[in-house]
Amino acid sequence: MFVLIWATLLFTVKGSNADPGSFPGGKQHCQKESYCITLSEGNITAEAGLCVVIPCSFNTSYDFTPQHLVWFKCEPSKQRCGDSDIIFHSNKNNDEKVQSGFEGRVSLLEPDVSQGNCSIIINDVIESDSGSYQFRVNGLLSGKGSGFTFSPRTIVSVKDLIQKPTVMIPPLTEGQQTTLTCTAPGLCSGSEPNITWTWRGAGEKDSHITGNITALKTENLTAVTQRHSSTLMFNLSAEHHGSEVTCKVIFTNNITTEETMTLNVTYVKQVKITGNTSVEDGETLNLTCSVDSFPPSLITWIKLGLNRNLNNDTGSATLVILNVTAEHSGPYICTAKHLDINRTKEVNITVKFFPRILSSSACEVQSEVLTCVCISEGFPLPTIKWPLLKNHAEYSVITSTNMSNHTINLTVSVNDRNYTTVECVSSNDIGEAKKKLSITRKEIKQEDLLKDFLLSFKLPQVIIAFFIGILLSATIFCLARKCRRNKQKGSGNMAETLEMGTIQAVPLIDAGQSVGNDGTHEGGAEAAGQSVPDGDVEPREVEYSDIDFSLLKRKSPTGAEDTLETPETEYAEIQTKETKERQDNGEEDGEMLEGNEEEEVMIEEDKESKQCMSAEEEGGEDVAVYSNVKEIMGDV
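**What to know about the nonpolar core**
- Judged by nonpolar contacts, the single largest core of 50 residues is most densely connected at Trp71 and Phe135.
- Residues contacting tryptophan 71, with those up to four places away along its chain left out, are Ile54, Cys56, Asp85, Ile86, Ile87, Phe88, Cys118, Ile120, Tyr133, Gln134 and Phe135.
- Ile273, Val279, Val291 and Trp301 belong to the second largest nonpolar core, which has 20 residues in total.

**Things to note about the state of the cysteines**
- Using the criterion set out here, one finds eight disulfides in the structure.
- A disulfide bridge connects cysteine 30 with cysteine 36, and the sulfur atoms are separated by 2.0 Å. An S-S torsion of about 110 degrees defines the bridge between cysteine 30 and cysteine 36 as right-handed.
- For cysteine 74, the disulfide goes to cysteine 81, at an S-S distance of 1.7 Å. What sets the handedness of the cysteine 74 and cysteine 81 disulfide is the S-S torsion sign, and at about -55 degrees it is left-handed.

**Details of the packing of aromatic side chains**
- Here the structure, examined in full by the defined rule, presents seven aromatic pairs.
- Residues phenylalanine 148 and phenylalanine 150 carry aromatic rings whose centres are separated by 4.9 Å and whose planes lie at 75 degrees to one another, so their mutual orientation is edge-to-face.
- Considering the side-chain rings of phenylalanine 466 and phenylalanine 467, the 5.7 Å spacing of their centres and the 75 degrees angle between planes classify their relative orientation as edge-to-face.
- By relative accessible area, which is 53% here, phenylalanine 467 ends up exposed.

**Some points on empty space enclosed by the protein**
- Considering all chains together, one arrives at three cavities of 30 Å³ or more under this definition.
- As a volume, the largest cavity reaches approximately 70 Å³.
- Lining the largest cavity we find Gly49, Leu50, Asp124, Pro185, Gly186, Cys188, Gly190, Ser191, His228 and Phe251.
- Taken together, the residues that form the lining of the largest cavity break down as four nonpolar, five polar and one charged.

**Quick word on the sheet that holds strand β2 (residues 35-39)**
- Strands sit in the order β1-β2-β5 across an open sheet of three strands; the sheet is antiparallel. Two strands bound the open sheet, and with one partner strand each, they are β1 (27-31) and β5 (56-59). Within this sheet the neighbouring strands show an average axis-to-axis angle of 15 degrees, counted without direction.
- Where β2 and β5 come together, four bridges link them in antiparallel fashion. Within β5, the residue paired with cysteine 36 across the bridge is asparagine 59.

**Remarks on the pairing of strand β18 (residues 226-235)**
- Both strand β14 (residues 177-183) and β18 contribute to a ladder of seven bridges, which runs antiparallel. Among the inter-strand pairings, threonine 183 is bridged to a residue of β18, identified as serine 229.
- Pairing geometry for strand β17 (residues 217-220) and β18, over four bridges, is antiparallel. In the sheet register, threonine 218 faces β18, and the bridge partner there is histidine 228.
- Taking the residues between adjacent antiparallel strands as the criterion, β17 and β18 are bridged by five residues.

**With respect to the pattern of salt bridges**
- Taken as a whole and judged by the stated rule, the model has six salt bridges.
- Across the pair arginine 227 and glutamate 219 runs a salt bridge whose closest N-O atoms are separated by 3.2 Å.
- On the basis of relative accessibility, which here comes to 38%, the residue glutamate 219 falls in the partly exposed class.

**What to know about the pairing of strand β25 (residues 309-314)**
- With five bridges connecting them, strand β24 (residues 298-303) and β25 associate as antiparallel partners. Each bridged residue has a counterpart across the sheet, and for isoleucine 299 the counterpart in β25 is aspartate 313.
- The hairpin formed by β24 and β25 contains five residues between the paired strands, and glycine 305 there has a positive phi angle of roughly 105 degrees.

**Here's the deal with the sheet that holds strand β3 (residues 44-47)**
- Taken in spatial order, the five strands make up an open sheet running β3-β11-β10-β6-β7, and their pairing is mixed. On the outer flanks of this sheet lie β3 and β7 (86-89), each paired with one strand and no other. The sheet shows a mean angle of 30 degrees between the axes of neighbouring strands, direction not considered.
- Note that strand β6 (residues 64-74) and strand β10 (residues 131-141) share ten bridges and pair antiparallel.

**Observations regarding the side chain of aspartate 85**
- Looking at where aspartate 85 falls in the secondary structure, it is placed in the loop between β6 and β7.
- Owing to a relative accessible area of 9%, aspartate 85 belongs among the buried residues under this scheme.
- Among residues more than four places away in sequence, those in contact with aspartate 85 are Trp71, Phe72, Lys73, Cys74, Lys78 and Gln99.

Cut-offs used in this document
- Residues numbered from 1 in each chain as written.
- Predicted model: local features only at pLDDT ≥ 70, side-chain atom pairs only at ≥ 80, totals over all residues.
- Heavy atoms only, no water.
- Core = buried A, V, L, I, M, F, W, Y, C linked by side-chain atoms within 4.5 Å.
- Buried < 20%, exposed > 50% of the residue type's maximum accessible area, 1.4 Å probe, protein only.
- Contact = heavy atoms within 4.5 Å.
- Disulfide = S-S within 2.5 Å.
- Phe/Tyr/Trp six-rings, centres within 6.5 Å; stacked < 30°, edge-to-face > 60°.
- 1 Å grid on protein atoms, 1.4 Å probe; cavity = no way out; pocket = protein on both sides within 12 Å on 5 of 7 lines; lining within 4 Å.
- Points joined across faces, edges and corners; volume = space filled by probe spheres on them.
- Nonpolar A, V, L, I, M, F, W, Y, C, P; charged D, E, K, R; others polar.
- Pairing = 2+ DSSP bridges.
- Helix = DSSP H or I, 4+ residues; strand = E, 2+ residues; numbered from the N terminus.
- Axes fitted to C-alpha atoms, helices over the stretch in contact; angles between N-to-C directions.
- Salt bridge = Lys/Arg side-chain N within 4 Å of Asp/Glu carboxyl O.

Here is the structure:
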């Protein structure tokens, strides 16, 4: 039991302030034969508010039986302490009084006196407890009451409390719950201390931390040693990182001590990029990538498309590029590696630069048309102007843009070639560029025209337009044919029942034709040609006859009287013949009627017409059909 107590006090009872090597290496002092005592060499240092242990062991003669142990505190000048200097007596029934201020604060480490352990512990020590301590053992010597006071003394020095509480902080991670433990210094069995928690954030005053604080917890280690502690439980956030947590312990006599710890919370926030992402050509690009985290993150800069790091650092990394050009434009990526997690953020860098007109810009005249092409690059994307357009009302402009290369291609065509140079003006927010374009003249060869014509058919829009034209032409052609067929059917009703006949007559004349002074019909041939075109006549029923107008007489221009020989109405006999049918979908063939010659014309007739059916029933006999010549002439 003695070994256990000392092991506890000297190796785990830091608050006792006993010299760890004092007792094991203590010096033994012997008096009168076998009366010996072992005390620590040198002074024993104690801290106010805690406790102090005075290690001690003794031996007596074989005929002396120890019964009670007594401790004194007196001035070093006294050779022997008296009864008034008693601070501890193991006999509770002793009439001798203990010095005031020591009552209840002193106890034996080993209550069994027979063990020869005279070590004591004094709790809640104060500065006045400093002094010289002496030991006495009372018992029976050969059956009679006796006692023995040992001359060697122990010197105790009490100083201000410098020990601090022990604050245990487990690993802290954002979003998790944690428990902090504060243990009071010293393993004493005296008065229980008061433990409080406070914390201070960045730039804040002290305040009581919000969380679940447990009441003081006392843990008994031995009969005379105790451990006092308190716990604090709360949920962690990134705001707790860097904050200071203080555990304050207040002992008897308002003796206080405290310990302040800084919380290191593992967390990581969003990646931030600061700096101007839009710079002009020739300036310096300066971007800083940072991330608020603990532990600090490794920051790396890369440009999209490159396989090498531009810069890296811990906590934050700054990317600096001197004399930037258009090639430095594009996306840049900042990567923050925190523990095993990577966080990235992308930023797009734009480099503004003056417009520049490329050397491929040129003008040429072809087919009386002046065509100019001006290609310019710049950022922001420039606009192109042509001063010569102020003098022209008719022109065409074609513009194409390539945003990836920050170029613009503008083509303008003007129906004028009286120029030797043309000026192109390109401008943006940064500045303006001008260039005079020289003009070349190009003659078009026939082979080039044919080649361009053939190449044009490779274009989808030309092919589509070609087929649309064919469709419209076919539609109009069909409508025209239908109208002509209807017109021809209407004009053919005059001779609907006629068959072929042989009469001295001129060809049948449409309305609008006239008879000349010589007795002929003007425009007859043309009318016939228009009414019956070769190879392009709609199927219809037409009959032709020859009419001889030799009996007609007209007035001469001299006033001679051209009249009919007889005033009576004369008729011409028309002999019809049966027409034969055509077999090619109703198409008909006709012959042009000429002058006043007698011709025999075959007229196509529908098989199903009533006239043909009637003629067939009569056996194909000739039928005399008469017409009033004067009526015919009147129509003419």
